[in-house]
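Each chain, letter by letter, is given below.
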2 protein chains.
Amino acid sequence: MTDTFKQHLRKFVDIDEEEFAEILSYFTVLEVGKKENLLTEGGMCKSCFFVLSGCLRMFFINEKGVEQTTQFAIENWWITDNMAYEHEQPSAFYIQAVENSQVMILHHYSQEELLQQFPKMERYFRFIYQRAYAASQRRIKFLYEFTREELYHHFNDHYPEFVQRTPQYLIASYLGFTPEYLSEIRSRVRS
Amino acid sequence: MTDTFKQHLRKFVDIDEEEFAEILSYFTVLEVGKKENLLTEGGMCKSCFFVLSGCLRMFFINEKGVEQTTQFAIENWWITDNMAYEHEQPSAFYIQAVENSQVMILHHYSQEELLQQFPKMERYFRFIYQRAYAASQRRIKFLYEFTREELYHHFNDHYPEFVQRTPQYLIASYLGFTPEYLSEIRSRVRS
DNA sequence: CGATTTTTTGAATCATATCAACGTACGTGG
DNA sequence: CCACGTACGTTGATATGATTCAAAAAATCG
């Protein structure tokens, strides 16, 4: 199952079998069940998570006690609270499995060693963060550009399978509005 | 004036004088006047910009013809449309000087050469993007967590000098609401 | 099948936008 | 260095997108 990761890595850097085996040794593989937490708000954030299969989400609980989802991570995506990870501080978020998932865990100190041993991985992570940042910039643009309803249509058009397989209240949470309002939007489309 | 950049670089990687001189040769230094554009929506995005002094902003023009600012960059920050830069595609944004500014320009092909010659710089940019991504994640959290009014107070509390020296309509644009509403918020504070 | 979770509906309310008009400040040319 | 014009900021009335709350309907799970 770590083959997923090998394919993915090789899109960015040249890695032979031997190297890959060594690189793998810096990671831990973990199965997480639906609704299980990998990280809790206030807990120390000492790892990043790479999704081999399934789906994770990141959320926080706002002052009204409502869960606000800020990110999903599906196959081939990394997820963590990077601010907390970088400074080894308590996290501002929860990370939870949306479905039963397989995850690779990279501890902060393992990452440091990995980067020392394999300068290639420095390059790999540079790509990853650059890409993640680029996606984030565009996402912020959408948040400013679109009404909530437009956000929904946009998301639905770009990730129809994902919208299919994920409960609506999570989609609403990710898009930053209430499930009731999503229901209203959908009823407008139907009629 | 490129000393600013040297100090900054040295926070992340060890660079001696000789190396720094060589690294510098990959960059171009440019003075931009207030309101001058460094990048235009639809134009090819072939460079990143590092701010030595002054202030830049990134914005797009929404369907109503209103400028929406999505980012500011002050001293020691990089700014570009990373999605467009990575894929050498037309930009979705404008980048404009808010004040007279000094900027270092790194062309995409120069960056590639630079990274080949100086693996250290791979590490440097990995840090930069990681940090930028982390900041972006937190920003998205704030966008979900706070009302527009709270966003203003938060921004005002964290960057009071910046709010002082920047026209209100740009602050409003960055926070995603109208100048009229900002006026209303301020009048509430006053009373 | 019943119990729990998720989605839908509708009415009242709130945060923020819009538009228009007026006041203020500021920079540029004389 | 002043005056004028344009850009910026404020105010108030009205409109709109989205939330809240309560309750019913539908879907899912053990």
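Structure's up top.
This write-up is about the structure you can find in this document. (Residues numbered from 1 in each chain as written. Chains lettered and ligands numbered in written order. Predicted model: local features only at pLDDT ≥ 70, side-chain atom pairs only at ≥ 80, totals over all residues. Heavy atoms only, no water.)

1. Topic: the environment of B:Thr166
Residue and element names in this part refer to chain B.
Working step 1: Looking at where Thr166 falls in the secondary structure, it is placed in the loop between helix 7 (160-165) and helix 8 (168-175).
Working step 2: Residue Thr166 is classed as buried on the basis of its relative accessible area, which comes to 6%.
Working step 3: The spatial distance from the C-alpha of Thr166 to the C-alpha of Val98 is 8.1 Å, given a sequence separation of 68 residues.
Working step 4: When near neighbours in sequence (up to four residues on either side) are disregarded, Thr166 contacts Phe72 and Ile171. (Helix = DSSP H or I, 4+ residues; strand = E, 2+ residues; numbered from the N terminus. Buried < 20%, exposed > 50% of the residue type's maximum accessible area, 1.4 Å probe, protein only. Contact = heavy atoms within 4.5 Å.)

2. Considerations on the pairing of strand 7 (residues 94-97) of chain A
Residue and element names in this part refer to chain A.
Working step 1: Residue alternation in strand 7 divides its side chains into two sets, Tyr94 and Gln96 and Ile95 and Ala97, and both sets are buried.
Working step 2: Here 2 bridges tie strand 2 (residues 37-39) to strand 7, and the two strands are oriented antiparallel to one another. Bridging from a neighbouring strand, Leu39 pairs with Ile95 of strand 7. (Pairing = 2+ DSSP bridges.)

3. Comments concerning the pairing of strand 5 (residues 67-74) of chain A
Residues and elements named next belong to chain A.
Working step 1: Of all 8 residues in strand 5, 6 are buried, a share of seventy percent or more.
Working step 2: Here strand 4 (residues 55-61) pairs with strand 5 via 7 bridges, running antiparallel. Across the sheet, residue Met58 finds its bridge partner in strand 5, namely Gln71.
Working step 3: Hairpin remark: strand 4 followed by strand 5, antiparallel, with 5 residues in the connecting loop; positive phi at Gly65, about 85 degrees.

4. Overview of the relation of the copies chain B and chain A
Working step 1: Under the fitted operation, chain B is carried onto chain A by 0.0 Å of movement along the axis and a turn of 180 degrees, and the coordinates agree to an RMSD of 0.0 Å. One copy is carried onto the other by what is essentially a two-fold rotation axis. Of the C-alpha atoms belonging to chain B, the one lying closest to the rotation axis is found on B:Arg126, 2.0 Å away.
Working step 2: Here 100% of the interface residues in chain B have copies in chain A that are interface residues too; the copies meet face to matching face. (Least-squares fit on C-alpha atoms with pLDDT ≥ 70 in both.)

5. A word on the protein's contact with DNA strand C
Working step 1: For DNA strand C, the set of nearby residues contains 18 residues, the closest of which are A:Gln168, A:Ser183, B:Lys64, B:Arg148 and B:Tyr181.
Working step 2: Taking B:Arg148, its main chain carries an N or O atom lying 2.7 Å from a phosphate oxygen of DNA strand C.
Working step 3: Within the contact set of DNA strand C, a phosphate oxygen lies 2.5 Å away from a side-chain nitrogen or oxygen of B:Tyr181.
Working step 4: Elements supplying a minimum of two residues to the surface near DNA strand C: helix 8 (168-175) and helix 9 (179-190) of chain A together with helix 6 (148-158) and helix 9 (179-190) of chain B.
Working step 5: Element by element, the count of residues in the surface near DNA strand C is highest for helix 9 of chain A, at 5 residues. (Near = heavy atom within 4 Å. Polar contact = N/O pair within 3.5 Å; in protein donor to acceptor, adjacent residues only side chain to side chain.)

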